[in-house]
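In case you want the letters, here they are:
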Amino acid sequence: MNNRLAKFEDLVPSTLPFVEGKLEGHKERKNYSIVGPGVAEDSKQFVKIAMPHSFNLGAVSALPKNGSGLHSHTTAEVFIIYSGKWRFYWGAEGKDETILSAGDIISMPTNMFRGFENAGNKEGLIFVVLGGDDPGIITWVPSVLEKAKQTGMALLNDNSLIDLSINDIPKNKSLLEPISSEEIKKFDNYKLNELERYICKFYDRINYENKINENFNLIQVLGDTFQDKKFNPVINHNTGFNLSILKAKKGKLENLKFSKPAIMFSQKGSWEIKIDDFLMELNPRDTISIPINSQVNIEINDDEESLLNCVTQI
């Protein structure tokens with residue numbers, strides 16, 4: 001079970017996870033792979049829980065005015081804001097944007113370019129759920145690759161990262177060519193009012209709470225299932241996984257059982273989690289992977305409302 005427990009303070013971040021990692025506005029950030037490798041281009045990225053779950057969990061912390069360049073994914077990418085204010089922008093030119101704060105969630109559609117930036121005045125943290133065991137490769141807008149190359153960073157034609165200021169291009173490989181303007185036209189774009197249906201605002205959650213016992217409420221953010229019961233999700237988006245949030249101050253939730261891969265990660269509060277005979281405390285930012293068909297009991301004893309995120313395979 002210790003191999004399934006990811007204490008945030010034990011994670012080893014990559015400080016150069018992607019090709020644009022040396023550019024101003026991108027270099028003051030850290031990338032964490034918690035469950036699965038994610039999409040990091042750093043071949044040395046530390047992965048805490050490597051076993052397949054059919055989804056990946058990562059985290060990104062960044063200083064103000066730092067974040068990711070415009071890129072696209074082939075699988076779902078769901079951002080959960082833990083702290084700070086973040087600007088999400090999208091489209092091939094990044095002209096459309098929205099500002100999200102702690103507790104907000106955005107599920108980005110595939111086949112669109114998106115980027116994010118810490119819009120606050122201190123370091124912020126977001127958690128990211130990616131669909132699939134292999135989320136595939138990142139597609140960057142050409143300007144990101146062009147600017148990155150000026151810092152020495154480039155991608156090879158197998159999408160591996162190389163620092164040209166240190167290493168030569170291997171004889172059997174070549175630099176990855178940026179996508180063409182015609183290929184860019186194949187990517188989707190959304191206006192803000194179109195993308196808002198993929199956003200769950202923290203202050204709107206109360207309208208979606210479901211009482212599951214006298215102490216616990218559930219917010220079904222993505223997917224429609226928790227413990228074999230159906231709930232209406234806040235965001236109707238097929239990501240391949242359920243994202244549920246448990247909310248409580250004090251109380252117990254007993255005899256849970258997951259028939260498919262599942263993880264829990266605390267956003268607020270210190271949760272006592274018992275999995276069969278294994279007992280642990282899950283503090284904010286910590287993650288536990290739940291063995292299939294094990295018995296799970298959850299207890300919280302806090303003065304304020306606490307939040308526990310749960311992701312399960314559909």
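Everything discussed here concerns the structure shown above.
Note that the structure is a prediction, hence the values are computed from the model and not measured.

A. Summary view of the overall build of the chain. Across its full length, the chain carries three helices and 25 strands. In terms of overall dimensions, the chain is globule-like: its C-alpha atoms have a radius of gyration of 20 Å, near the 20 Å expected for 314 residues. With respect to the principal axes defined by its C-alpha atoms, the chain has extents near 60 × 40 × 35 Å. Across the 314 residues of the chain, 52% fall into the buried class. Accessible area of the chain: about 14,600 Å², with a carbon and sulfur share of 45%.

B. Representation of the sheet that holds strand S15 (residues 199–200) in the model. Pairing is mixed in the open sheet, where seven strands are placed in the order S3-S2-S4-S11-S6-S9-S15. Two strands in the sheet have a free side with no partner beyond their single neighbour: strand S3 (47–49) and S15.

C. Focus on the packing of aromatic side chains. By the definition in use, this model includes 14 aromatic pairs. One aromatic cluster is present, formed by Phe8, Tyr32, Tyr82, Phe127 and Phe265 through successive ring pairs.

D. Local environment of the nonpolar core. In this structure, Ile34, Phe88, Phe127, Val129, Val221 and Phe265 are the most contacted members of the largest nonpolar core, which totals 66 residues. A per-element tally of this core places strand S11 (residues 124–131) first, with six residues. Discounting residues that sit within four places of it in the chain, Val221 has contacts with Ile105, Cys200, Pro233, Val234, Ile235, Leu243 and Ile245. Of all hydrophobic cores here, the second largest spans 24 residues; its members include Phe231, Ile298, Ile300 and Leu308.

E. Main features of the pairing of strand S23 (residues 278–282). Here five bridges tie strand S22 (residues 271–275) to S23, and the two strands are oriented antiparallel to one another. Bridging from a neighbouring strand, Ile275 pairs with Phe278 of S23. From the end of S22 to the start of S23, which pair antiparallel, there are two residues, and Asp276 there has a positive phi angle of about 55°.

F. The arrangement of the sheet that holds strand S5 (residues 67–72) in detail. Read from one edge to the other, the open sheet built from five strands follows the order S8-S7-S10-S5-S12, with strand pairing classed as antiparallel. The open sheet has two edge strands with one neighbour each: strand S8 (96–100) and strand S12 (139–140). By the bridge criterion, five bridges tie strand S7 (residues 86–90) to S8 in an arrangement that is antiparallel. The residue of S8 that forms the bridge with Trp90 is Asp96.

G. Region of interest: the pairing of strand S24 (residues 287–290). Of the two faces of S24, the one carrying Thr287 and Ser289 and the one carrying Ile288 and Ile290 are both buried. Looking at chain direction, strand S1 (residues 5–6) and S24 are connected through two bridges and run antiparallel. Paired with Ala6 across the strands is Thr287, a residue of S24. Relative to S24, strand S21 (residues 262–268) runs antiparallel, the two sharing four bridges. Across the sheet, the residue bridging to Ala262 is Ile290, located in S24.

H. The arrangement of the pattern of salt bridges in detail. Summed over all chains, the structure comprises 15 salt bridges. The salt bridge involving Arg87 is made with Glu117; its shortest N-O contact spans 3.2 Å. Of this pair, Arg87 sits in strand S7 while Glu117 sits in strand S10 (residues 114–118), and the two are 30 residues apart along the sequence. For the salt bridge of Lys250 with Asp303, the shortest nitrogen-to-oxygen distance reads 3.7 Å. Of this pair, Lys250 sits in strand S20 (residues 241–256) while Asp303 sits in strand S25 (residues 296–313), and the two are 53 residues apart along the sequence. The exposure class assigned to Lys250 is partly exposed, which follows from its relative accessible area of 39%. Within the structure, one salt-bridge network assembled from shared partners comprises Arg87, Glu97 and Glu117.

I. Expanded view of empty space enclosed by the protein. Per the stated rule, a full pass over the model turns up one cavity of 30 Å³ or more. In this structure, the largest cavity encloses a volume near 250 Å³. Residue assignment for the lining of the largest cavity shows that the elements contributing at least two residues are strand S2 (29–35), strand S4 (55–62), S5, strand S6 (77–83) and S11. Split into classes, the residues belonging to the lining of the largest cavity amount to 14 nonpolar, nine polar and two charged.

Definitions and cut-offs
Residues numbered from 1 in each chain as written. Predicted model: local features only at pLDDT ≥ 70, side-chain atom pairs only at ≥ 80, totals over all residues. Heavy atoms only, no water. Helix = DSSP H or I, 4+ residues; strand = E, 2+ residues; numbered from the N terminus. Rg over C-alpha atoms; globule rule 2.2 N^0.38 Å. Buried < 20%, exposed > 50% of the residue type's maximum accessible area, 1.4 Å probe, protein only. Areas by Shrake-Rupley, 256 points an atom, 1.4 Å probe, with all protein chains shown as cover. Pairing = 2+ DSSP bridges. Phe/Tyr/Trp six-rings, centres within 6.5 Å; stacked < 30°, edge-to-face > 60°. Core = buried A, V, L, I, M, F, W, Y, C linked by side-chain atoms within 4.5 Å. Contact = heavy atoms within 4.5 Å. Salt bridge = Lys/Arg side-chain N within 4 Å of Asp/Glu carboxyl O. 1 Å grid on protein atoms, 1.4 Å probe; cavity = no way out; pocket = protein on both sides within 12 Å on 5 of 7 lines; lining within 4 Å. Points joined across faces, edges and corners; volume = space filled by probe spheres on them. Nonpolar A, V, L, I, M, F, W, Y, C, P; charged D, E, K, R; others polar.

Purely geometric stuff here, so don't read any function into it on its own.
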